[in-house]
Each structure stands twice: as C-alpha cells, then as structure tokens.
Amino acid sequence: MKILFVGDIVGRLGCDLLAKHLADLKTTYKPQLTIVNGENAARGRGITDQLYREFLQVGADLVTLGNHSFDHPDTLAFIDQADKLIRPANYLPGTPGQGYRVVQVNDEKLAVVNLMGTVFLPDLANPFLCLDQILADLDPDIKSVFVDFHAEATSEKQALAWDFTGRVSAVIGTHTHVQTNDARVLPGGLAYMSDVGMTGSIDSVLGMQKEAVINKFRTQLPTRFNVDDNPASNQVLSACIVDIKADGQARSIKPIYIKETGKQL
C-alpha cells in the first residue's frame, strides 16, 4: 500500500500548488491513498468547508489538521459532517470531529490517526496514551496505521516513533513547516520523518509574511501575522510517499520536495 502525504498547505498559494501538482504526483508515485494536512489552508489558520471540498476535488482522500483546527469559525459548522476530515485525537472528550478514520484501501484496511504534541503547544491529553487507546480500540484485523503527529519538538516526535515502532506503520511529523532530512524506516517497520514540510511560499517565515515575523522577534511586541499569498513568491510543495506491506510494516519512505519560481508581476 502506497500513501502520498502532503505537508501543511499554507494559504491560497499552497492550495494552488496542490491543485497544480497533485495529479502528476499521483501519476508518478501511484499511491492508493492521498492525505493532505490542511490546518493552515484558510489564510494560514484553520480550514473552511469550501477548502476541505476543494482538497477532495483535486484528489485528496483524507485531510488532517493540527493546532489551528478550530481557528476558523466555519469549522464547527461542518466538521461533524466531514467524513474525510481528521482533527487531533487527543482533544478533550466531546470535541467535535473525529481523531482517526479507518478506510478501505483495496483489500486492506488502514487507520489514519491525527495527534498533537504537548511540548510548546496547547496542553491536550497525552498523545502517547491516546494512541495506546486507539490501538486497543481498533479491530485486530487492521494491520496498518498511519499517524500524522502535529508537534513542535523533534524529541517528542522521535520518542513517539520509537515507542510505537512495531505497532504502527508510520509516524510523520507536521507543524514546523521545514522538511527534515531524517526519513527512514525504524527497526520494527515504522516509517518516520520528523517533519514532512509545508506547501506554500518559501520567501516567507513558515508561510507567513517575513517582515511581520522579523518585527516580532526584534521588538517582542504583539504583531499580526498574515500569510504570504503573493504569487511572485518562490514556492514549494513538500510531501512524502510511504510504502506499507500487508503485515503493516513499512517497506520504504521517500521525501518529495518540489520548488517553483514565483510568477513575475
């Protein structure tokens, strides 16, 4: 089973990059399932029903979220009806939406889990214990489990991967928006990457207009961050392809990084 995972789609530029390249990526890598992280799609913070449907229309099968899951007021109105949308599973009980989905991929079933870290992020339930419970609740016939771990600290991501190798198929990090050079399959058969990276402007700071972020670091004063949606910006699509065997162990993981020159205005 091949899974294509596209990292944090940031703003309009990120959405347009996905629409431009996803069909070709699917032709090249022939994934049986395509997942995108869409928590930064709505001007850098959150997701709307329209953007969720747009991702599905261009070829995504599932959309994961993160710490901006509920930043857009539109989200609460549609998340319970969005059966291909996954928010972090370790939100408090009663939070709208679902923290994991089980999907049929040809003759196999795959569980796709979204978790959020707790280091330098909101204090949610312990992601390690949450994943323990999810695995205990799953049908034992489900051998393959893919985890989007939306976390800040690489130590927390690495620790989760080592803890669950042999029990889940992949732990792929999101949130920090910079693709890491550590993709590998751990002993036990878990595909790991600290961060898959973002899809959006790279003439920015993590997809945000760089001038405001620089000002924040220089002055420490409250500063409004706006997404860099300037079509003249240079852009990147960050992703990975994970190949999982029928027994749930990963065969391989390959990073994907597509750079594109901005349009001259």
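Quick caveat, the model's predicted, so the values are computed rather than measured.

Thresholds, definitions, all that
Residues numbered from 1 in each chain as written. Predicted model: local features only at pLDDT ≥ 70, side-chain atom pairs only at ≥ 80, totals over all residues. Heavy atoms only, no water. Buried < 20%, exposed > 50% of the residue type's maximum accessible area, 1.4 Å probe, protein only. Helix = DSSP H or I, 4+ residues; strand = E, 2+ residues; numbered from the N terminus. Arc of directions from axis to C-beta. Contact = heavy atoms within 4.5 Å. Axes fitted to C-alpha atoms, helices over the stretch in contact; angles between N-to-C directions. Parallel < 35°, antiparallel > 145°, perpendicular 65-115°, else oblique. Left-handed = near helix turned anticlockwise from the far one by under 90°. Core = buried A, V, L, I, M, F, W, Y, C linked by side-chain atoms within 4.5 Å. Pairing = 2+ DSSP bridges. Phe/Tyr/Trp six-rings, centres within 6.5 Å; stacked < 30°, edge-to-face > 60°. Patch = residues over 30% accessible without salt bridge, like charges linked within 9 Å, V, L, I, M, F, W, Y side chains within 5 Å. Areas by Shrake-Rupley, 256 points an atom, 1.4 Å probe, with all protein chains shown as cover. Salt bridge = Lys/Arg side-chain N within 4 Å of Asp/Glu carboxyl O.

**Considerations on helix 2 (residues 49-58)**
1) Next: Those residues of helix 2 lying buried are Leu51, Tyr52, Glu54 and Phe55. Projected onto a plane normal to the axis of helix 2, the buried residues spread over an arc of 160° and lie on a single side. What points out from helix 2, more than 90 degrees from its buried face, is the exposed set Gln50 and Gln57.
2) Next: Buried residues along helix 2 sit in contact with helix 1 (11-29), strand 2 (33-37), strand 3 (62-64), helix 3 (75-78) and strand 4 (85-86).
3) Next: Directly beyond the C-terminal end of helix 2, a positive phi value near 125° is found at Gly59.

**Some points on the environment of Pro88**
1) Next: Tracing the backbone shows Pro88 in the loop between strand 4 and strand 5 (100-105).
2) Next: Among the residues examined, Pro88 registers a relative accessible area of 0% and is labelled buried.
3) Next: As for Pro88 and Gly99, which are separated by 11 residues in sequence, their C-alpha atoms are 5.1 Å apart.
4) Next: Setting aside anything within four residues of it in sequence, one finds Pro88 in contact with Leu65, Gly66, Ser69, Gly99, Asn114, Leu115 and Met116.

**Looking at the packing of helix 1 against helix 2**
1) Next: Two elements in contact, helix 1 and helix 2, have axes separated by 9 Å at closest approach and are oriented at 20°. The orientation of helix 1 with respect to helix 2, classified from their angle, is roughly parallel. Helix-helix and strand crossings are classified by hand; for helix 1 and helix 2 the assignment is left-handed. Here helix 1 contributes Arg12, Cys15, Leu18, Ala19 and Leu22 to the contact with helix 2, which in turn contributes Leu51, Glu54, Phe55 and Val58.

**Some thoughts on the nonpolar core**
1) Next: With 26 residues, the main nonpolar core has Leu4, Val6, Ile47, Phe55 and Leu85 as its most contacted residues.
2) Next: The set of elements that each furnish at least two residues to this core consists of strand 1 (2-6), helix 1, helix 2 and strand 12 (235-244).
3) Next: A per-element tally of this core places helix 1 first, with five residues.
4) Next: Apart from the residues lying within four places of it in its own chain, the contact partners of Leu85 are Ile47, Tyr52, Val63, Leu65, Phe78, Ile79, Gln98 and Arg101.
5) Next: Residues Leu115, Val145, Phe164 and Tyr192 belong to the second largest nonpolar core, which totals 23 residues.

**Observations regarding the pairing of strand 12**
1) Next: Burial of strand 12 is extensive: 10 of the 10 residues sit out of reach of the surface.
2) Next: On strand 12, burial covers both faces: Gln235, Leu237, Ala239, Ile241 and Asp243 on one face and Val236, Ser238, Cys240, Val242 and Ile244 on the other are all buried.
3) Next: Looking at chain direction, strand 1 and strand 12 are connected through five bridges and run antiparallel. In the strand pairing of strand 12, Lys2 is matched with Asp243.
4) Next: Note that strand 12 and strand 13 (residues 250-260) share 10 bridges and pair antiparallel.

**Quick notes on the packing of aromatic side chains**
1) Next: As enumerated under the stated definition, the model contains three aromatic pairs in all.
2) Next: When the centroid spacing of 5.4 Å and the interplanar angle of 75° are considered together, the rings of Phe70 and Tyr91 count as edge-to-face. Remark: Tyr91 occurs in the loop between strand 4 and strand 5 and Phe70 occurs in the loop between strand 3 and helix 3; sequence separation between them is 21 residues.
3) Next: On the accessibility criterion, Phe70 (23% relative accessible area) is partly exposed.

**Some points on the sheet that holds strand 5**
1) Next: Read across the sheet, six strands follow the order 5-6-7-8-10-9 without closing on themselves; strand pairing throughout is mixed. Both outer strands of the open sheet, strand 5 and strand 9 (184-186), are each paired with one neighbouring strand and no more. Strand-to-strand, the axes of this sheet are offset by a mean angle of 25°, without reference to chain direction.
2) Next: Two strands pair when backbone bridges link them, and strand 9 and strand 10 (residues 190-193) are joined in this way by three bridges, in the antiparallel orientation. What sits directly across from Arg184, in strand 10, is Tyr192.
3) Next: Sitting on the sheet, helix 4 (residues 127-137) is in contact with strand 5, strand 6 (108-116) and strand 7 (144-150), with an inclination near 160° to strand 6.
4) Next: Docked against the sheet, helix 5 (residues 154-164) engages strand 6, strand 7, strand 8 (170-174), strand 9 and strand 10, running at close to 175° with respect to strand 10.

**Re a nonpolar patch on the surface**
1) Next: A contiguous nonpolar surface patch, about 220 Å² in accessible area, is contributed by Val178, Val205 and Leu206.
2) Next: Take Leu206: it is sitting in the loop between strand 11 (200-201) and helix 6 (210-219).
3) Next: Classification of Leu206 by relative accessible area gives partly exposed; the value is 42%.

Keep in mind that these numbers describe shape and distance, not what the molecule does.
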